[in-house]
Amino acid sequence: MEPSLEDLARKRRDRTGTRPVWRLCGLLFLCLAAGAVGGAATLPEIKGWYVGLAKPSFNPPSWIFGPVWSTLYVLMGCSANAAWIDRQARRTFFIILLVNALWSLLFFGMHRPDLALIDILGYLILLIIWILQLWPQHRGYALLQLPHLLWVSFATVLNASIWWLNK
């Protein structure tokens, strides 16, 4: 008699032990580290170059970005952990992290809102792809990325507005 799916899942859990917990911790650390890279490029410029830019009326206060991104990074790590066995979703996740960190380097580090706009448009596309990759097997974790999608959509409009007002 063949083992049931429940038996196979139990054996897999027993075999992997605490690895999923360590993997989740590692992914959370990786996401927050990507944020720290971006923060290192961003923080010195908040009171310098960024202050002198023309910004749209809907530009949020600078203090809001840290808590929002920290929350989004935690949600990203949870979704990535859930979909770890899906090779394509895992690959997309890592590319998203790279593109995310690159945005801060382009916008704040190089003072190039134009290049950052190209980057964030790619980010938005990758994020939609990732959500679609998560959806079939991990709907709850795909839904966790909707705040991420909304924030990056808003950030794209903000980036485009800043570029337009300062070109």
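Up top is the structure these notes are about.
Residues numbered from 1 in each chain as written. Predicted model: local features only at pLDDT ≥ 70, side-chain atom pairs only at ≥ 80, totals over all residues. Heavy atoms only, no water.

### Section: the overall build of the protein
Then comes step 1: When helices and strands are counted, the protein shows seven helices and zero strands.
Then comes step 2: Along the protein, helices and strands appear, N-terminal first, in the series α-α-α-α-α-α-α.
Then comes step 3: Overall, the C-alpha framework of the protein stretches about 70 × 25 × 20 Å when taken along its three principal axes.
Then comes step 4: Buried positions account for 37% of the 167 residues belonging to the protein.
Then comes step 5: Within the protein, residue pairs in contact and separated by at least 24 positions form 79% of the contacts whose partners lie at least 6 positions apart.
Then comes step 6: Carbon and sulfur atoms form 69% of the exposed surface of the protein, whose accessible area is close to 9900 Å².
Then comes step 7: Between the centroid of the 15 positive side chains of the protein and the centroid of its 8 negative side chains there is a distance of 3 Å. (Helix = DSSP H or I, 4+ residues; strand = E, 2+ residues; numbered from the N terminus. Buried < 20%, exposed > 50% of the residue type's maximum accessible area, 1.4 Å probe, protein only. Contact = heavy atoms within 4.5 Å. Areas by Shrake-Rupley, 256 points an atom, 1.4 Å probe, with all protein chains shown as cover. Lys, Arg positive; Asp, Glu negative; His and termini not counted. Charge placed at Lys NZ, Arg CZ, Asp CG, Glu CD.)

### Some thoughts on unusual backbone geometry
Then comes step 1: The backbone phi angle of His111 is positive, close to 60 degrees, even though this residue is not glycine.
Then comes step 2: For His111, a relative accessible area of 31% gives the class partly exposed.

### Section: the packing of helix 3 (residues 65-82) against helix 4 (residues 87-109)
Then comes step 1: Across the interface, helix 3 lies against helix 4 with an axial gap of 11 Å and an inter-helix angle of 160 degrees. Put simply, helix 3 runs roughly antiparallel to helix 4. In this structure, helix 3 meets helix 4 at a crossing whose hand is left-handed. Only Phe93, Ile96, Leu97 and Asn100 of helix 4 make contact with helix 3, whose side of the interface consists of Trp69, Tyr73, Met76 and Ala80.
Then comes step 2: A class-by-class count of the residues in the contact of helix 3 with helix 4 yields seven nonpolar, one polar and no charged. (Axes fitted to C-alpha atoms, helices over the stretch in contact; angles between N-to-C directions. Parallel < 35°, antiparallel > 145°, perpendicular 65-115°, else oblique. Left-handed = near helix turned anticlockwise from the far one by under 90°. Nonpolar A, V, L, I, M, F, W, Y, C, P; charged D, E, K, R; others polar.)

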